[in-house]
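# Secondary and tertiary structure notes
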Amino acid sequence: MIELHKLRKSYDGGRVWAVDDLSLTVRPGEIFGFLGPNGAGKTTTLRMMAGILTPDAGRVVIDGIDMAERPLEAKRRIGFVPDTPEVYERLTGLEYLRFLADVYGVDARRRRERIERLAGVFELEPALGDRIASYSHGMRQKLVLIGALLHDPPVWILDEPMVGLDPRSTHELKNLMHEHAAAGRTVFFSTHLLDVAERLCHRVAIIQKGRLIACGTLEELRAQAAAGSGTLESLFLELTHHD
């Protein structure tokens, strides 16, 4: 489960609020979509959730653990995929994954099983012996995804995880997200792919200029909109039209 309590983050000496008084609860067994225009504060929010950025105010609670009070415990429960796949280019793919397994304390048998399974899902096995410097953007995205899920964390926090993936890998990632939620765990992801969010998510939140403007199921969002019907794309455009 994820809980955000009155989260705030400013830049430029407090003159610009990237995230302003954001509160959300994401339940176990839920795929939760986080939507908003460019510059709305999505990536800043996800980085605070992952413990990369420190909030100016508010609390992040991951699986019952306060990020500020017990950051290492909270981070061990997270699989985080950033918006850009930045990795150690001089390592091979396998060396990178073994490094992450060491960081998270994944034992030899378990890491072998997880690497074999996830590399198979994303069709990256033939390239694991190659240096990451030779990888395409899509291959790096696959590697970052495998690394984030390697320790089998209960909470996934994914920032635009499908960018750069080929159609088969996108399909497989969606299957993994369904499996994860069906096991009573939590997926929180940002995306601009509104049709994907509509089909995949149990609930979505829409953020604009750092503030939450809508949250709920598709039917609940329709009730908030003037038209009272339509696709997630049309609802999103209506709810954010003042941006």
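Residues numbered from 1 in each chain as written. Predicted model: local features only at pLDDT ≥ 70, side-chain atom pairs only at ≥ 80, totals over all residues. Heavy atoms only, no water.

The protein appears in an unreviewed UniProt entry as ABC transporter ATP-binding protein from Thermaerobacter composti.

Before going further, it helps to spend a moment on the overall build of the protein. A tally of helices and strands in the protein yields nine helices and ten strands. Compactness check: the protein gives a C-alpha radius of gyration of 18 Å against a globular reference of 18 Å for 243 residues, within 12% of the reference. Reported as C-alpha extents along the three principal axes, the dimensions of the protein are approximately 55 × 40 × 35 Å. Residues classed as buried in the protein amount to 49% of the 243 residues present. In the form shown here, the protein has an accessible surface area of approximately 11,500 Å², with 50% of it arising from carbon and sulfur atoms. Here the protein contributes 31 positive and 34 negative side-chain charges, whose respective centroids are spaced 4 Å apart. (Helix = DSSP H or I, 4+ residues; strand = E, 2+ residues; numbered from the N terminus. Rg over C-alpha atoms; globule rule 2.2 N^0.38 Å. Buried < 20%, exposed > 50% of the residue type's maximum accessible area, 1.4 Å probe, protein only. Areas by Shrake-Rupley, 256 points an atom, 1.4 Å probe, with all protein chains shown as cover. Lys, Arg positive; Asp, Glu negative; His and termini not counted. Charge placed at Lys NZ, Arg CZ, Asp CG, Glu CD.)

Take the pairing of strand β8 (residues 186-190) next. The element β8 is largely enclosed, with a buried count of five among its five residues. Burial of the side chains of β8 extends over both faces: Thr186, Phe188 and Ser190 are buried on one face and Val187 and Phe189 on the other. Across four bridges, strand β3 (residues 31-35) lies against β8 in parallel orientation. Its bridge partner being in β8, Phe34 is matched across the sheet by Ser190. (Pairing = 2+ DSSP bridges.)

Attention now goes to the nonpolar core. Counting residues in hydrophobic clusters, the biggest one holds 50 residues, and the most contacted among them are Met177 and Phe189. Considering every element that reaches this core, the biggest residue donor is helix α5 (residues 137-149), with six residues. Of all hydrophobic cores here, the second largest spans 26 residues; its members include Ala40, Val60, Ile65 and Ala205. (Core = buried A, V, L, I, M, F, W, Y, C linked by side-chain atoms within 4.5 Å.)

The antiparallel open sheet is built from four strands, whose spatial order is β2-β1-β4-β5. Both edges of this open sheet fall to β2 (16-26) and β5 (65-66), since each of them pairs with a single strand only. Here two bridges tie strand β4 (residues 57-62) to β5, and the two strands are oriented antiparallel to one another. Within β5, the residue paired with Ile62 across the bridge is Ile65. Packed on one face of the sheet, helix α1 (residues 42-49) meets β1 (2-11), β2 and β4 and runs near 120 degrees to β1. (Contact = heavy atoms within 4.5 Å. Axes fitted to C-alpha atoms, helices over the stretch in contact; angles between N-to-C directions.)

Right, let's talk about the environment of Ile52 for a bit. Following the sequence through the fold, Ile52 ends up in the loop between α1 and β4. For Ile52, a relative accessible area of 51% gives the class exposed. Each C-alpha atom, one on Ile52 and one on Lys75, is 9.8 Å from the other, the two residues being 23 residues apart in sequence. Ignoring sequence-local partners within four residues, the contact set of Ile52 consists of Arg47 and Phe80.

Once that is clear, we can look at a nonpolar patch on the surface. On the surface, Tyr88, Phe99 and Val103 cluster together into a nonpolar patch covering about 290 Å² of accessible area. Residue placement: Tyr88 occurs in the loop between β6 (78-81) and α3 (93-104). (Patch = residues over 30% accessible without salt bridge, like charges linked within 9 Å, V, L, I, M, F, W, Y side chains within 5 Å. Salt bridge = Lys/Arg side-chain N within 4 Å of Asp/Glu carboxyl O.)

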